[in-house]
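Examining the three-dimensional arrangement
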Amino acid sequence: MFLFFFTPFTVLNLKEKFVYLNHKNEFTKLKVRVDSIQPIVGTSIGGSSTLYGYDVHYNNPKEKVSLDSPEGDIFIWKQDKDDYRHFFKIYDATPFYLPMNDSIWVWHHKNIPDRYAIENEPSLDTSGFILQIILNIVMLILVLWGVTWQINQWIQIKRRR
């Protein structure tokens, strides 16, 4: 049942990764001027604040790139960790309002949400996407098997009565 509740997220993640893989060569690397940076902060059960990442807004705040903190997530991929650490290193070392540090690199596509880019990255890194697709497909198969098994159990109980 636990996996069943996460099925919509699994399907969305699967779709997203397929789209990025299919259009990988259509992305262009752009340097964009940052309009604002919004820390994503939540409150834990104990009442203390926890940083979940950053939303970086650019192009007259109509576009954004979200960077999730690897600290709180159980499943976070190597590329997402590297992107976050790269951004955090720059953000923490030099305030973003200074003229020398007011821009970031993004992988831009006209129809697909942008992704954060590291300056010396030659192409959009999709190395972990295949593994994510495989794991998501395995999860969906487990969910379908589990739901089918449960329905069969209910049918058998109903027949016995």
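Structure first, text after, so check above.
Notes on the structure in this doc start here. (Residues numbered from 1 in each chain as written. Predicted model: local features only at pLDDT ≥ 70, side-chain atom pairs only at ≥ 80, totals over all residues. Heavy atoms only, no water.)

1. Topic: the side chain of D114
Condition: We count a stretch as a helix when DSSP gives it H or I for four or more residues in a row; a strand needs E for two or more, and each element gets its number in order from the N terminus. Only protein chains enter the accessibility calculation, which uses a 1.4 Å probe; a residue whose area is less than 20% of its type maximum is buried, one above 50% is exposed, and one in between is partly exposed. Counted charges follow a simple rule, with Lys and Arg positive, Asp and Glu negative, and His plus the chain ends left uncounted. In the sections that follow, a salt bridge refers to a side-chain nitrogen of Lys or Arg positioned within 4 Å of a carboxyl oxygen of Asp or Glu. Counting of polar contacts relies on pairs of N or O atoms within 3.5 Å, with two restrictions inside protein: one atom must be capable of donating a hydrogen and the other of accepting it, and residues adjacent in sequence are counted only when both atoms are side-chain atoms. In this analysis, two residues are considered to be in contact whenever any of their non-hydrogen atoms come within 4.5 Å of each other.
Relative to the assigned elements, D114 resides in the loop between β4 (103-108) and β5 (115-117). Buried and unpaired, D114 has no salt bridge, with R115 as the nearest side chain of opposite charge at 9.7 Å. A distance of 2.5 Å separates polar atoms of two side chains, one belonging to D114 and the other to Y58. At a separation of 3.0 Å, a polar atom in the side chain of D114 contacts the side chain of H108. Filtering out sequence-adjacent residues up to four positions away, D114 remains in contact with Y20, Y58, E63, V65, V106, W107, H108 and H109.

2. As for the pairing of strand β1 (residues 28-43)
Put simply, the test is: DSSP-based pairing: two strands are paired if at least 2 bridges between them are found.
Sheet analysis places β1 next to β4, joined by six bridges and oriented antiparallel. When the bridges of β4 are listed, K29 appears paired with W107. The pairing of β1 with strand β2 (residues 49-58) spans nine bridges and is classified as antiparallel. Note on β2: the bridge partner recorded for Q38 is D55.

3. Concerning helix α3 (residues 78-93)
In plain terms, the rule: Given the number of residues in a helix, its expected span is that number minus one, multiplied by 1.5 Å. It is the directions from the helix axis to the C-beta atoms whose arc is reported.
Look at α3: 22 Å from first C-alpha to last across 16 residues, which is about the 22 Å you get at 1.5 Å a residue. Every buried residue belonging to α3 is among Q79, D83, Y84 and F87, and all of these are buried. Down the axis of α3, the sector holding all buried residues measures 130 degrees, keeping them to one side. Residues of α3 that are exposed and point more than 90 degrees away from the buried face comprise K78, K89, D92 and A93.

4. Digging into the packing of helix α2 (residues 7-22) against helix α4 (residues 129-160)
Worth spelling out the cut-off: With axes taken as lines fitted to C-alpha atoms, and helix axes fitted only over the stretch in contact, angles between N-to-C directions fall between 0 and 180 degrees. Here roughly perpendicular refers to angles of 65 to 115 degrees, roughly parallel to angles under 35, roughly antiparallel to angles over 145, and oblique to all remaining angles. With the far helix as reference, a near helix turned anticlockwise by less than a right angle produces a left-handed crossing, and one turned clockwise produces a right-handed crossing. Three categories are distinguished: nonpolar for Ala, Val, Leu, Ile, Met, Phe, Trp, Tyr, Cys and Pro, charged for Asp, Glu, Lys and Arg, and polar for the others, with Gly belonging to the last.
Taken N-terminus to C-terminus, the directions of α2 and α4 make an angle of 150 degrees; their axes are 9 Å apart at the nearest point. Compared by their axis directions, α2 and α4 come out roughly antiparallel. Considering only the axes of α2 and α4, their crossing is left-handed. Facing T7, T10, V11, N13, L14, K17, F18, Y20 and L21 of α2, the residues of α4 in contact are F129, I130, Q132, I133, N136, I137, M139, L140 and V143. In terms of residue class, the contact of α2 with α4 is built from twelve nonpolar, five polar and one charged.

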